[in-house]
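Examination of the molecular architecture
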Amino acid sequence: MNSTLINTSNGSPACHDQQSSYEPTSIHSALINEIYDIPMIEISRPLLSILDEDKVRSLMATIQSMDSDQIPPIDVLWYEAPNSGNNYFFSMGGCHRWEAHKRLNLPTIRAKLIRTTLKDLEVYFGSSLSNLA
């Protein structure tokens, strides 16, 4: 899978700078300031989500009524295969935001990219990890 995602610290629309210091964040992405619009189709979600339907509906209404920059980004693990250069994206959290975007048929979701290694992915997924070439 070759992604069209590029690092756009130069102000391109694909990357947003974190606007405020109070924006909710995770321990994994607390020091990451760049926020990307990542195509939903390129992100794998290997874990089953248990959803609160009221929360999903509330997020859908919020997304439709305001600028999407106001919705906190999800964390996405990013692995670049060294031999092929293919990019692989995995998300395990942000399930309500993900589902709201999916139901609204939005093409992208705001995310912070957390670079990861094959070894880390093997720890997360064990033998269920497909061959990432």
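Computed from a prediction, not measured in an experiment: that's the story for all the values here.

For the rest of this paragraph, the subject is the UniProt feature "binding site: ATP" (unreviewed entry) in the protein. Feature annotation in UniProt assigns "binding site: ATP" (unreviewed entry) to the following positions: Gly94, Cys95, His96 and Arg97. Structurally, Cys95 is set in helix α2 (residues 95-103). Classification of Cys95 by relative accessible area gives buried; the value is 18%. The contacts of Cys95, once residues within four sequence positions are left out, are Arg45, Ser49, Ile50 and Leu51. Here His96 shows up in helix α2.

Summing up the model confidence of the protein, the mean pLDDT is 80 and the portion of residues at 70 or higher is 75%. Considering each helix and strand of the protein separately, the mean pLDDT is smallest for strand β1 (residues 15-17), with a value of 42, and largest for α2, with 95. Across residues 6-22 the pLDDT falls below 50, and counting only partners more than four positions away or on other chains, this stretch makes 26 contacts in the model.

Next up on the list: the pairing of strand β6 (residues 108-115). Taken across its 8 residues, β6 has 6 buried, putting it largely inside the fold. Where strand β2 (residues 34-39) and β6 come together, 4 bridges link them in antiparallel fashion. Considered in β6, the bridge of Ile38 is made with Ile109. Across 5 bridges, strand β4 (residues 74-80) lies against β6 in parallel orientation. By the bridge assignment for β6, Ile74 is matched with Ala111.

Criteria and thresholds
- Residues numbered from 1 in each chain as written.
- Predicted model: local features only at pLDDT ≥ 70, side-chain atom pairs only at ≥ 80, totals over all residues.
- Heavy atoms only, no water.
- UniProt positions renumbered as here; feature names shortened; annotations may be inferred.
- Helix = DSSP H or I, 4+ residues; strand = E, 2+ residues; numbered from the N terminus.
- Buried < 20%, exposed > 50% of the residue type's maximum accessible area, 1.4 Å probe, protein only.
- Contact = heavy atoms within 4.5 Å.
- pLDDT = per-residue confidence, 0-100.
- Pairing = 2+ DSSP bridges.

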